[in-house]
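Next come the chains, spelled out residue by residue.
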Amino acid sequence: MNKDIKYFGIDISHLVFDVTDSDGKYYQFKNNVSGFKKLVKLLDDNSHCVMEATGYYHYQLAYYLLESGKKVSVENPLSVKRFIQMKLSKIKTDKSDSKLICAYAKQVELKLWQGNSKHQIECLQMTRLLSMLTKQSTMYKNKLHGESVLGNPSKVVVSSIKRSLKQVQKEIKLIEDKLLALVKQVHQDVLTRLKSIPGIGDKTALMLVVLTDGFERFKSGSELCSYAGLTPIIRQSGTSINRRARISKIGNQKLRNLLFMCSFNACEYNKACKAIYDRIVAKGKSEKLALIAVCNKLLKQAFAIAKSGLIYDDGYRSVLVRN
């Protein structure tokens, strides 16, 4: 902890946000631009604002502080929750939460929040919309199947479902095309090279670029795997606790799920991934564990491709070749 820094713990809700500073002073502001301005007046060059990632509520304040040139960190809610539990606090109020967030800020190594570019924000918004539309499409398909099982389905109901399904599929195609065009504006080269990796298709390459912001924020493949929640957690203590290592799952779930779906094709067409899978299964380990190892390998390959300006080559030991 830097003693010269004055920390501001911030607990945000829909309408207001509560603030407690290092001196124990408590404030409450409206969660709008007027409230943001009042907070900024309290800050100087030595101030550091810390908040949890609370769904969508924290974004406007975080971006406002960033654009105002203030230091801000957006922490994983699970990390803050565990810190609060460790403090054995029996009082649960917004005021107490902001106080504990401030205490948390004093004791951990904080990473400055960088936010996303306008380009990345729009890409992520389209991705979330695609996820919602895909769920709707699946729902309509299941409903059609359910009606057909009845044996004498209503023509009115079936026609309505088919019209709705057709419209959703039309919207999915429209948004996918717009997302692809948007990504190509900034990451065309990376997108093209990612598709040279066996097991990664057009849609997967697109989503990898979107979910990692073109791999620009990561310094190593291991850091990226940690971001995806694919790194193992080992639980051992004396002789009483010796559990099997499991992946942390504390990370980007969409990225993790995407890689898991790709791992099946990678085992078939990607020599390096197939070798890892076969080796782990041959040791008597579970197929799921082997597939997770494949996910890890595939993501590290993608990182190497994105960062090096190379394309995939099965015959080369490092699986890369100059483009």
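Since the structure is predicted, the reported quantities are computational estimates derived from the model, not experimental observations. (Residues numbered from 1 in each chain as written. Predicted model: local features only at pLDDT ≥ 70, side-chain atom pairs only at ≥ 80, totals over all residues. Heavy atoms only, no water.)

Trainee: What is the right way to read unusual backbone geometry from this model?
Mentor: A negative phi holds for most residues other than glycine; trans holds for most peptide bonds. In this structure, Asp213 is a non-glycine residue whose phi angle is positive, near 55 degrees. Here Asp213 shows up in the loop between α7 (202–212) and α8 (221–228). For Asp213, a relative accessible area of 10% puts it in the buried group. Phi is positive for Phe215, which is not a glycine, with a value near 65 degrees. With respect to the element layout, Phe215 can be found in the loop between α7 and α8. (Helix = DSSP H or I, 4+ residues; strand = E, 2+ residues; numbered from the N terminus. Buried < 20%, exposed > 50% of the residue type's maximum accessible area, 1.4 Å probe, protein only.)

Trainee: Would you take a moment to explain the confidence of the model for the chain for this structure?
Mentor: When pLDDT is low, close inspection of the predicted coordinates is not appropriate. When the pLDDT values of the chain are averaged, the result is 86; 88% of them are 70 or greater. Across the chain, helix α1 (residues 33–40) holds the top mean pLDDT of 96, while strand β6 (residues 232–237) sits lowest at 46. Overall, residues 233–243 carries pLDDT values under 50, and its contacts beyond four positions in sequence, including any with other chains, amount to nine contacts. Considering only residues more than four positions removed or in separate chains, one finds that residues 317–323, a stretch of pLDDT under 50, has 23 contacts. (pLDDT = per-residue confidence, 0-100. Contact = heavy atoms within 4.5 Å.)

Trainee: Any chance you could explain the side chain of Asn296 here in plain terms?
Mentor: Summarising the element assignment, Asn296 is placed in helix α11 (residues 287–308). Of note is the side chain of Asn296, whose polar atom sits 3.4 Å from the backbone oxygen of Leu230. Sequence-distant contacts of Asn296, that is, excluding residues within four places in its chain, are made with Cys225 and Leu230. (Polar contact = N/O pair within 3.5 Å; in protein donor to acceptor, adjacent residues only side chain to side chain.)

Trainee: What exactly am I supposed to notice about the pattern of salt bridges here?
Mentor: Pairing is possible between side chains of opposite charge, provided their charged atoms come close. Overall, the coordinates contain nine salt bridges when judged by the stated rule. Among the salt bridges present, the one from Asp21 reaches Lys6, with a minimum N-O distance of 3.6 Å. Note that Asp21 is positioned in strand β2 (residues 16–21) and Lys6 in strand β1 (residues 6–12), a separation of 15 residues in sequence. Salt-bridge contacts for Glu147 lead to Lys143; the nearest nitrogen and oxygen are separated by 3.1 Å. Note that Glu147 and Lys143 are positioned in helix α5 (residues 118–149) at a spacing of four residues, about one turn of the helix. Several salt bridges converge on common partners, so that one network encompasses Lys6, Asp21 and Asp23. (Salt bridge = Lys/Arg side-chain N within 4 Å of Asp/Glu carboxyl O.)

Trainee: Just to check I follow, could you spell out the packing of α5 against helix α6 (residues 155–194) for this structure?
Mentor: What describes two packed helices is the angle between their axes and the distance between those same axes. Two numbers describe how α5 lies on α6: the axes approach to 9 Å, and their chain directions differ by 155 degrees. Between α5 and α6, the angle is such that the two are roughly antiparallel. Considering how the two elements wind past one another, α5 and α6 form a crossing that is left-handed. Residues belonging to the contact of α5 with α6 are distributed by class as follows: 18 nonpolar, eight polar and eight charged. (Axes fitted to C-alpha atoms, helices over the stretch in contact; angles between N-to-C directions. Parallel < 35°, antiparallel > 145°, perpendicular 65-115°, else oblique. Left-handed = near helix turned anticlockwise from the far one by under 90°. Nonpolar A, V, L, I, M, F, W, Y, C, P; charged D, E, K, R; others polar.)

Trainee: Any chance you could explain the nonpolar core here in plain terms?
Mentor: If you look at soluble globular proteins, the nonpolar side chains tend to sit buried side by side. Leu194, Leu208 and Phe215 are the most contacted members of the largest nonpolar core, which totals 52 residues. Contributions of two or more residues to this core are made by α5, α6, α7, α8, α9 (253–269), α10 (271–282) and α11. In terms of residue count, the dominant contributor to this core is α11 (eleven residues). With residues near it in sequence (within four places) discarded, Leu194 still touches Ile200, Ala205, Leu208, Val209, Phe215, Ala302 and Ile305. Phe8, Leu43, Ala62 and Val72 belong to the second-largest nonpolar core, a separate cluster that totals 19 residues. (Core = buried A, V, L, I, M, F, W, Y, C linked by side-chain atoms within 4.5 Å.)

Trainee: Quick question: what am I supposed to make of α8 here?
Mentor: For an α-helix, 3.6 residues make a turn, and residues three or four places apart therefore share a direction. By the burial criterion, the buried members of α8 are Gly221, Leu224, Cys225 and Ala228. On an axial view of α8, the arc spanned by its buried residues comes to 100 degrees, and they lie on one face. Close packing links the buried residues of α8 with α7, α9 and α11. Of the residues flanking the end of α8, it is Gly229, one or two places downstream, whose phi is positive at about 75 degrees. (Arc of directions from axis to C-beta.)

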